[in-house]
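The lines below spell out each chain.
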Amino acid sequence: MKMEWTPQQDGLREILTLLKESQSPDTATQLAVQQKLELLNKYPDFNSYLMFVLTKMVGEDEPTRSLSGLILKNNMKAHYGQLMPNVTSFIKQECLQAIGDPSPLIRATVGILITTITSKGELTSWPELLPALCTMLNSEDYNVCEGAFGALHKICEDSAEALDADTTTRPLDVLIPKFLHFFKHSSPKIRSYAIGCVNQFIIQRSQALMQNIDPFLTNLFHVATDDDPEVRKNVCKALVMLLEVRMDRLVPNMNEIIEYMLVRTQDPDEGVALEACEFWLSLAEQPICRDVLNGHFNRLVPILVRGMKYSEIDIILLKGDVEEDESVPDKEEDIRPRFHKSKTHTIKAANNSNMTDNGGNTEGAEDDDDDYDDGDDDSSLTEWNLRKCSAAALDVLANVFNDDLLPILIPILKETLFHQDWDIKESGILALGAIAEGCMTGMLSHLPELIPFLINSLNDNKALVRAITCWTLSRYSHWVVTQPHDAYLKPLMTELLRRILDSNKRVQEAACSAFATLEEEACTELVPYLGFILETLVFAFTKYQHKNLLILYDAIGTLADSVGHHLNKPDYINMLMPPLIHKWNILKDENKDLFPLLECLSSVATALQSGFLPYCEPVYRRCVSLIQQTLMQHMANTQNPEAYDPPDKDFVIVALDLLSGLAEGLNGHIEKLVQHSNIMELLHHCMQDPQAEVRQSSFALLGDLTKACFQHVRPCIPDFFPILGQNLNPENISVCNNATWAIGEISIKLGEDTRPYIPLVLDQLIHIINRPNTTKTLLENTAITIGRLGFVCPHEVAPVLQQFVRQWCISLRNIRDNEEKDSAFRGMCHMITVNPAGVVADFIFFCDAVASWSTPKDDLKEIFVKILHTFKNQVGEENWRRFTDQFPPQLTERLTTLYGL
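What counts and how
Residues numbered from 1 in each chain as written. Predicted model: local features only at pLDDT ≥ 70, side-chain atom pairs only at ≥ 80, totals over all residues. Heavy atoms only, no water. Helix = DSSP H or I, 4+ residues; strand = E, 2+ residues; numbered from the N terminus. Buried < 20%, exposed > 50% of the residue type's maximum accessible area, 1.4 Å probe, protein only. Contact = heavy atoms within 4.5 Å. Core = buried A, V, L, I, M, F, W, Y, C linked by side-chain atoms within 4.5 Å. Phe/Tyr/Trp six-rings, centres within 6.5 Å; stacked < 30°, edge-to-face > 60°. Axes fitted to C-alpha atoms, helices over the stretch in contact; angles between N-to-C directions. Parallel < 35°, antiparallel > 145°, perpendicular 65-115°, else oblique. Left-handed = near helix turned anticlockwise from the far one by under 90°. Nonpolar A, V, L, I, M, F, W, Y, C, P; charged D, E, K, R; others polar. Disulfide = S-S within 2.5 Å. Salt bridge = Lys/Arg side-chain N within 4 Å of Asp/Glu carboxyl O.

A. How the structure looks around the overall build of the protein chain. Scanning the protein chain for helices and strands turns up 48 helices and 0 strands. Along the first, second and third principal axes, the C-alpha set of the protein chain runs to 95 × 65 × 65 Å. Counting across all 901 residues of the protein chain, residues that qualify as buried make up 57%. Nonlocal contacts in the protein chain, meaning residues at least 24 apart in sequence, comprise 77% of its contacts between residues at least 6 apart.

B. The nonpolar core, seen in detail. Within the largest apolar cluster, 318 residues are counted, with the highest numbers of intra-cluster contacts made by Phe216, Trp280, Ile435, Phe612, Leu662, Trp808 and Phe846. If one sorts the elements of this core by residue count, helix H34 (residues 650-666) sits on top with 11 residues. In this structure Trp808 touches Ile769, Ala783, Ile786, Gly787, Ala824, Phe825 and Met828, once residues within four positions along its chain are discounted.

C. Highlighting the packing of aromatic side chains. Under the counting rule described, the total for this entry stands at 24 aromatic pairs. Aromatic pair Phe149 and Phe179: ring centres 5.8 Å apart, planes at 35°, arrangement tilted. Of this pair, Phe149 sits in helix H8 (residues 142-165) while Phe179 is found in helix H9 (residues 171-181), placing the two residues 30 residues apart along the sequence. Residues Phe149 and Phe182 carry aromatic rings whose centres are separated by 5.2 Å and whose planes lie at 90° to one another, so their mutual orientation is edge-to-face. Taken together, the residues span a long stretch of sequence, with Phe149 in helix H8 and Phe182 in the loop between H9 and helix H10 (188-199) at a distance of 33 residues.

D. Summary view of the packing of helix H42 (residues 776-792) against helix H44 (residues 805-812). At their nearest, the axes of H42 and H44 sit 9 Å apart, and the two run at 120° to each other. Here H44 runs oblique to H42, going by the angle between their axes. Two packed elements cross with a definite hand, and for H42 against H44 that hand is left-handed. Contacts from Leu779, Glu780, Ala783, Ile784, Ile786 and Gly787 in H42 reach Gln807, Trp808, Ser811 and Leu812 in H44. Grouping the amino acids of the contact of H42 with H44 by side-chain chemistry returns 6 nonpolar, 3 polar and 1 charged.

E. Expanded view of unusual backbone geometry. Of note in this structure, Arg205 is not a glycine but carries a positive phi near 50°. Along the chain, Arg205 falls in the loop between H10 and helix H11 (207-211). For Arg205, a relative accessible area of 47% corresponds to the partly exposed category.

F. Expanded view of the packing of helix H24 (residues 447-457) against helix H25 (residues 463-475). Put simply, H24 and H25 touch, their axes get as near as 9 Å, and they point 145° apart. Crossing of H24 against H25: the hand is left-handed. Between H24 and H25, the contacting residues are Ile451, Leu454, Ile455 and Ser457 on the first element and Val465, Arg466, Thr469, Thr472 and Leu473 on the second. Considered class by class, the residues forming the contact of H24 with H25 number 5 nonpolar, 3 polar and 1 charged.

G. Structural context of the environment of Lys414. Residue position: Lys414 is located in helix H21 (residues 406-417). Given the relative accessible area of 57%, Lys414 is considered exposed. In this structure, the C-alpha to C-alpha distance between Lys414 and Val251, residues 163 residues apart in sequence, is 36 Å.

H. Highlighting the side chain of Glu671. Within the element layout of this structure, Glu671 appears in helix H35 (residues 671-675). A residue is classified by how much of its surface remains accessible, and Glu671, at 15% relative accessible area, is buried. For Glu671, the contacting residues outside a window of four places in its chain are Cys709, Gln711 and His712.

I. Fine view of the state of the cysteines. Applying the stated criterion across every chain, the model contains 0 disulfides. Distance from the sulfur of Cys197, which forms no disulfide, to the nearest cysteine sulfur (Cys156) is 4.2 Å. On the basis of relative accessible area, Cys197 is assigned to the buried category, the value being 0%. We note that Cys277 lacks a disulfide partner, and the nearest cysteine sulfur, in Cys389, lies 3.7 Å from it. With a relative accessible area of 0%, Cys277 lands in the buried category.

J. Representation of the pattern of salt bridges within the structure. The full count for this structure, using the stated rule, is 40 salt bridges. Across the salt bridge formed by Asp822 and Arg826, the nearest N and O atoms sit 2.5 Å from each other. With a gap of 4 residues between them, Asp822 and Arg826 both fall in helix H45 (residues 819-834), about one helical turn apart. Taken as a pair, Asp822 and Arg826 share a single burial class, namely buried. Where salt bridges share partners, they join Arg466, Glu495, Arg498, Arg499 and Asp502 into one cluster.

K. Examining the environment of Pro188 more closely. Here Pro188 shows up in helix H10. Once the C-alpha coordinates of Pro188 and Asp228 are considered, the two residues, 40 residues apart in sequence, prove to be 6.2 Å apart. Excluding its chain neighbours within four sequence positions, the residues that come into contact with Pro188 are Asp228 and Val231.

Dropping the structure here:
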């Protein structure tokens, strides 16, 4: 049914005038236009006028028509549900008629409108759309075919899951074979669209595609060497995704595919080369990587190293010829937003490797550094490029092949590192950094000559070489720290500190980041040089532009974390605190630069302990006021979202974490400040915040305040405990982890008064400790908290001992002796005394856990001896011998020496 709608000429004239005016460079005119457009939105058929200008007024210039369509798109995004049915019908009908407009710009705009409608969940209520577009693909008119494909490509991109999930009309059963047919079309644009459409369905393993996987591969190989770079790029994309999804189908042709990708990784078009280079990153994660790459390795490695050289365009974007720019202010848009990592309570691992190793648990969640940051940290280049991808590929392959890589790589490094062209030398230094992790063993014999070479390269006259050298040295800092200080650490530190004061901003940044890595590796080894280090970092405050200041805060915070209380000397405090407090005073409450500064101060406060007292009160008050302001903004926004914007909750999170740092560092000294503020009331709100990170940080602070000044926490326990119980959901690991830890700290202080609260938390804690795949940190915290609950209320927890004792023992055997472990084990012993039958079936695990102690306190050791010997006496010699025969020899030996068994 065709809708007849005709505009009134006056209305049309008014809208055309507005569209023309909105292209004016004058901001006042633009603002006036914005306001008029807002007013016109009140008229029901305003959007029909916009559609009419886009599709019917072919005499108007293209930018004006396209602009009309883009304003319509924004209106539909904002108010699609409120449009009159006759208006939406008119828009849909016009879209389908204008999809083949002679102008590419108008076709693209119509395509955007179609996807805007479908993204509103309208695929189902526009049943004629897909059949119509599908029919148009067969049109003799190229514009119609191309326009329909453009729209389909956008729909596939935006609604792939919806298309796949539609089991009633099953559109993909028709669309996918249709797309495959167009892989051989004469127009490269159409070929590219066709592959692009199918690619949207690979990762989710759409059934319709899986049924057509063989024709898809055949057609893909047919266009593999296409003349058009976009087509080649889409072929590479498809193969990279198929590697993850249908490896079985690629294996028979793997040799040819690898050969093909070797050529494509050197494609003259950098976009194609980058897509192909992703293949090596993906392949490295597959178990067959070693076998299939073996014969191609000697060709791949040189290609990757060549790919690491800066392209001419990179050097222009990076201003690679500018050596001194330290006095050039940063552009605000070049400063990447920073994300604060909320505080998580973790427990230090034990040094002693124990009897029965339960596998190294590396927590992937901790390591989210997915960007290959090789000293190019510049917004013009933060996007992924061939250089970064090649370096990342060499890195992951080094982790697969380890030292087998070196016979091929060492000759290449010898050639590149000493090359007279600075950009080739630079790429060699990058390659050397990329293999640091995977080839460390094989590199050990080369490091005594390489490290001095690199330290020397920190003085290169090219800033980009100095910058990459900082990064590469940071990758070897672990080795440097293990050698005699005079040999490498001192010269490295001296040169890196000089580079922190470099006259080039990129070098300053790379040096600051590298120094932070060195600090983490060296920890207290840096104590003798603290004065020297602080002088440099403090001097950098006077030198740095905006962006690098934020990185400097990081380096100072990391230093404080690494050397801890050694920083608490009057000389150091007098050097470090004035510039930090000066920044703190000049930053306004709404300035996001407070985030890195607060993080830095949090580390400094924890390290300085009582040394932070003189600065404590203003810092404390400001944190409380930041929390209060943000919560008030949040309430205003909830009650009246039109009038008030939502606040940035990071202000709350960072302030809570700094208060945690104060509570931890100042311990009891924070009591007076807490007493004279409303922090407990604010904390109660934060613990119930919808945002997980806010809750995470509030539970960390609750635990720290419990340790520092329990008298102010105690009155709130009846309100707080139920909230803690509701947050024991392991789906949100960090929140659950901190809530668990806080419960343990509170129970230790509350003693037997914890009894009424145990039913609120015990079942969840037992569920978490027995859950498969729970991360190591959460398991340890859960075990400690269960132990502490058993310590203060053994009669309430002991009856369910056998539900958790085995997992409990396994979780705590790998942590260092400390107060937390001590209270948890005392709790376990109390529970065993109350319910000895609960441990019988898993007694070997208890023996192993007890043997994990290096030096338990005397009275705890006596309790262990008593339990072990009681058990031995009750089962009798014969049974005990049969039981201990199952022990690994190390365990028997430890139990004999420690507990005389």
